[in-house]
Amino acid sequence: MEGINERTTYCRKLGHYLAFTYCCREAQGLPCKKIIDCWFESFNIQKYLKDNFQAHELAHLYAPPHAKMTTLVDLIKQARERIT
Amino acid sequence: MPTKAFLTEDEMPRQWYNLAADLPSPMQPPLGPDGNPVSPDMLAPVFPMNLIEQEVSRERWIDIPEGILELLWRWRPSPLHRAYALEKALGTPARIYYKNESVSPPGSHKPNTAVAQAWYNKEFGIQNIVTETGAGQWGSALAFACSLLGLHCKVYMVRISFDQKPFRKIMMQTWGATCIASPSNQTHAGRDILAKEPDTPGSLGIAISEAVEEAVSDKSGKTRYALGSVLNHVMLHQTIIGLEAKKQLQKMGEKKVNVIIGCAGGGSNFAGLSFPFVNDKINGADIDIIPVEPFSCPTMTKGPFIYDHGDTAKMTPLLPMHSLGHDFIPPPIHAGGLRYHGMAPLVSQGIIEGLLTPRAIHQLECFAAAVQFARTEGIICAPETSHAIAAVIQEAKKAKEEGKEKVILFNMSGHGLMDMMGYESYFAGKLFDYELPEHEMGDALKAIENLPKPKIAKTGKW
């Protein structure tokens, strides 16, 4: 997997090209939730993740996606908790 | 021979089309984190009630207020082009048309909803609108819209995009918006992240948290949040694209369209062009309607449809969505925030019903198509738009092989003049199509075979 860090892909979240290194730390220092979706056809991303991260650091990758509305309601709740 | 069809302002559609009214299998209501349906009052801290009403509306046609029409007239109706030069280069009997949404001041389809959302916010008494952006397409569209209405706009732009895409940031500032790199020290959410990871490149999730927090924490009640994709009211506002296109095709003498194509990220530009034609298909028209996505991150085409739950206690059933396989069963984890959700539910339901036929295309083919389009039609398209053009070329070649005079319509959703890095990499030979060997792909998919499957609401007509 030589040269992986230099590989770039179009990030569907941000709308521009980014290096693989960003994907590995997008989620507050941990891999982006979509890292497997975006790279699984390029190389053995799951092996890469297992070799480079602890299992608990990858748990969020396997949580199901939420509907946008669900996320928004959750974010409103979190914001209220932060500001009170 | 006419190369473009225009509409006058008077001929512009006076209503948006709401596909939610006509989907053969009704949409399930969105669920909150507690598993109960989201009620309008739960969204009131971030959206004005007039937009929330649109979000949940099942009315087929919704009037476009005169005040919004007057703002849209700055650049709408957008022209419908006949792509004669591309047709000639391909030697196809197909007649190719494209709706040119790159003519808006920010250069994309995004202002169609930005203007509408800003107007509804102002009607509701809101003075400040806050949002998040990545590369800046949405942020610049909202900045433009707010400038037309005298509203203050604040955009949290993901730090890595803020650094890599300076021109979009300057566009926002030119229209009077405040553009802040996220995470910032202006919110609790931003400060918490910076304390843990000072050199973080940021993420869309953090930027959304900051924007929502700013809306929620304004005690004056004069601040709301705006979103540029995925939600139903966003799809609704974009349908003006397809409704205009229908009238323009008639002006060009076309009685029938065979293929509708749009690129699909969050789904809004695709929905905008296609939904009025989906209505025709529901009512018996024979049309291929194709959302196109990158092969490198396929969410509509390769992902088996799995149903899952928001937490391990399985108390929070979620809407079924397309997802890719993973090689082990999810470990225990509770639902939290900061999750990106890819595709608009209305588009997803259209795929489930068989009304839409998604397609994924490799990036090299997309860039080759974009370059061919630029060298024939003259417009340098946005990277996302190149997916649609590549599918158009595939369909035009197919029409040639079949000897059929098909009518193909696609959405030229935006120009790429602010996004030339991809072209630079393409010309420098730095882009590659990667593909996992079939047996490894099979292993990954096999691992999820036994995961619970969703109960799919589908009529089976298409």
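Numbers given for residues are sequential positions, taken from 1 along each chain in its written order. Throughout, the order in which chains and ligands are written sets their labels, letters from A for the former and numbers from 1 for the latter. This being a predicted model, a pLDDT of at least 70 is required before a residue's local features are given, and a value of 80 or more before pairs of side-chain atoms are given or counted; all residues contribute to the totals for chains, interfaces and linings.

So, on to the overall build of chain B. Within chain B, the regular secondary structure consists of 18 helices and 15 strands. A total of 462 residues make up chain B; the buried ones form 54% of that total. Intrachain contacts of chain B at a sequence separation of at least 6 include 76% that bridge at least 24 residues. Only DSSP runs of H or I reaching four residues or more are called helices, and only runs of E reaching two or more are called strands; each is numbered from the N terminus. Exposed residues have 12 or fewer other C-beta atoms within 10 Å of their own C-beta, buried residues have 20 or more, and partly exposed residues fall in between, where C-beta atoms are placed from the backbone. Residues are defined as contacting one another if the C-beta atoms placed from their backbone atoms lie within 7 Å.

Looking only at helices and strands, one finds 5 helices and 2 strands in chain A. In sequence order, the secondary structure elements of chain A are arranged as β-β-α-α-α-α-α. To get the radius of gyration, use the C-alpha atoms; to get the globule rule, take the number of residues to the power 0.38 and multiply by 2.2 Å. The globule rule puts the C-alpha radius of gyration for 84 residues at 12 Å, and the 15 Å found for chain A is more than 25% above it. Its C-alpha atoms give chain A principal-axis dimensions of roughly 50 × 30 × 20 Å. Burial analysis of chain A (84 residues in total) assigns 54% to the buried set. Across chain A, every contact between residues at least 6 apart in sequence was considered, and the portion connecting residues at least 24 apart equals 32%.

All right, on to the confidence of the model for chain A then. Here chain A averages 86 in pLDDT, and 95% of its residues register 70 or above. The quantity known as pLDDT measures the predictor's confidence residue by residue, on a range of 0 to 100. Summarising per-element confidence for chain A, the mean pLDDT is lowest in helix 2 (residues 35-39) of chain A (81) and highest in helix 1 (residues 20-23) of chain A (95).

Backbone torsion omega between Arg76 of chain B and Pro77 of chain B reads -5 degrees, so that peptide bond is classified as cis. For Pro77 of chain B, the position within the fold is in the loop between helix 3 (66-72) and strand 4 (80-82). Omega for the bond connecting Ser182 of chain B with Pro183 of chain B falls within 30 degrees of zero, at 5 degrees, which places this linkage in the cis form. Structurally, the position occupied by Pro183 of chain B is in the loop between strand 8 (178-182) and helix 9 (188-196). Its identity as a non-glycine residue notwithstanding, Gln28 of chain A has a phi of 50 degrees, on the positive side. The topology assignment puts Gln28 of chain A in the loop between helix 1 and helix 2.

So, about the environment of Phe167 of chain B. Following the sequence through the fold, Phe167 of chain B ends up in helix 8 (residues 166-174). With 32 residues separating them along the chain, Phe167 of chain B and Ala135 of chain B place their C-alpha atoms 9.8 Å apart.

All names here are of chain B. The parallel open sheet is built from 4 strands, whose spatial order is 8-7-6-9. In this open sheet, the two strands that pair with only one neighbour each are strand 8 and strand 9 (223-225). On average, each strand axis in the sheet is inclined to that of its neighbour by 25 degrees, with strand direction left out of account. The rule for pairing is simple: two strands pair if DSSP sees at least two bridges between them. Pairing analysis gives 5 bridges linking strand 7 (residues 152-158) to strand 8, with the strands arranged parallel. Residue pairing for strand 8: Lys154 is matched across the bridge by Thr178. All axes here are fitted lines through C-alpha atoms, helices being fitted over the stretch that makes contact, and every angle between N-to-C directions spans 0 to 180 degrees. Sheet contacts for helix 10 (residues 204-217): strand 6 (128-133), strand 7, strand 8 and strand 9; angle to strand 6, the most-contacted strand, approximately 170 degrees.

The pairing of strands in a sheet happens through backbone hydrogen bonds and is either parallel or antiparallel. Residues and elements named next belong to chain B. With mixed pairing, 7 strands are arranged side by side in an open sheet as 1-4-5-15-10-11-14. In the strand order of this sheet, the two ends are held by strand 1 (4-5) and strand 14 (359-361), each with one partner. Bridge count for strand 4 against strand 5 (residues 95-100) is 3 bridges, and the pairing is antiparallel. Bridge assignment links Arg82 to a residue of strand 5, and that residue is Tyr97. Running over the sheet, helix 13 (residues 268-282) touches strand 5, strand 10 (259-263), strand 11 (288-294) and strand 15 (407-412) and is turned about 155 degrees from strand 10.

A few words on the domain arrangement of chain B. All names here are of chain B. Segmentation of the chain into domains, including their bounds, is taken from an automatic or database domain assignment. Assigned domains within chain B: domain 1 (71-106 + 234-446) and domain 2 (127-221). Between domain 1 and domain 2, the contact holds 8 residues from the first and 11 residues from the second. For the side of domain 1 that touches domain 2, the residue count by class is 6 nonpolar, 2 polar and no charged. Residues are sorted three ways: Asp, Glu, Lys and Arg are charged, Ala, Val, Leu, Ile, Met, Phe, Trp, Tyr, Cys and Pro are nonpolar, and all the rest, Gly among them, are polar.

Residue and element names in this part refer to chain B. Where helix 15 (residues 363-376) meets helix 16 (residues 383-402), the axes come as close as 8 Å, and the angle between the chain directions of the two elements is 85 degrees. Between helix 15 and helix 16, the interaxial angle falls into the category roughly perpendicular. Side by side, helix 15 and helix 16 meet where Glu365, Cys366, Phe367, Ala369, Ala370 and Phe373 of the first sit next to Ser386, His387, Ile389, Ala390 and Ile393 of the second. A class-by-class count of the residues in the contact of helix 15 with helix 16 yields 8 nonpolar, 2 polar and 1 charged. Each angle gets one of four labels, with under 35 degrees taken as roughly parallel, over 145 as roughly antiparallel, 65 to 115 as roughly perpendicular, and the rest as oblique.

Taken N-terminus to C-terminus, the directions of helix 5 (residues 68-83) of chain A and helix 10 of chain B make an angle of 65 degrees; their axes are 9 Å apart at the nearest point. Here helix 5 of chain A lies roughly perpendicular to helix 10 of chain B, going by the angle between them. Seen from above, helix 5 of chain A lies across helix 10 of chain B with right-handed handedness. Touching Leu75, Ile76, Ala79, Arg80, Arg82 and Ile83 of chain A of helix 5 of chain A are Ile208, Ser209, Val212, Glu213, Val216 and Ser217 of chain B, all from helix 10 of chain B. Here the residues of the contact of helix 5 of chain A with helix 10 of chain B sort into 7 nonpolar, 2 polar and 3 charged. Left-handed describes a crossing whose near helix is turned anticlockwise from the far helix by less than a right angle; the clockwise case is right-handed.

Here we come to the pairing of strand 1 (residues 8-11) of chain A. Residues and elements named next belong to chain A. One ladder, built from 4 bridges, connects strand 1 with strand 2 (residues 16-19); its direction is antiparallel. Note on strand 2: the bridge partner recorded for Thr9 is Leu18. Taking the residues that link successive antiparallel strands as the turn, the strand 1-strand 2 hairpin has 4 residues, and the phi of Gly15 there is positive, at about 85 degrees.

With 134 residues, the main nonpolar core has Leu142, Val212, Ile261 and Val392 of chain B as its most contacted residues. Composition of this core by domain shows at least three residues from each of domain 1 (71-106 + 234-446) and domain 2 (127-221) of chain B. Counting residues in each nonpolar core, the second largest holds 13 residues, with Cys32, Ile36, Phe40 and Leu61 of chain A among its members. Each nonpolar core reported here comprises buried Ala, Val, Leu, Ile, Met, Phe, Trp, Tyr and Cys residues connected via C-beta atoms within 7 Å.

Right, let's get into the confidence of the model for chain B. Scored by pLDDT, chain B comes out at a mean of 87, with 85% of its residues at no less than 70. Residue range residues 304-341 of chain B is modelled with pLDDT below 50. Its contacts to residues more than four positions away, or to other chains, number 108 contacts.

Relative to the elements of secondary structure, Ser209 of chain B occurs in helix 10. Owing to 27 C-beta atoms within 10 Å, Ser209 of chain B belongs among the buried residues under this scheme.

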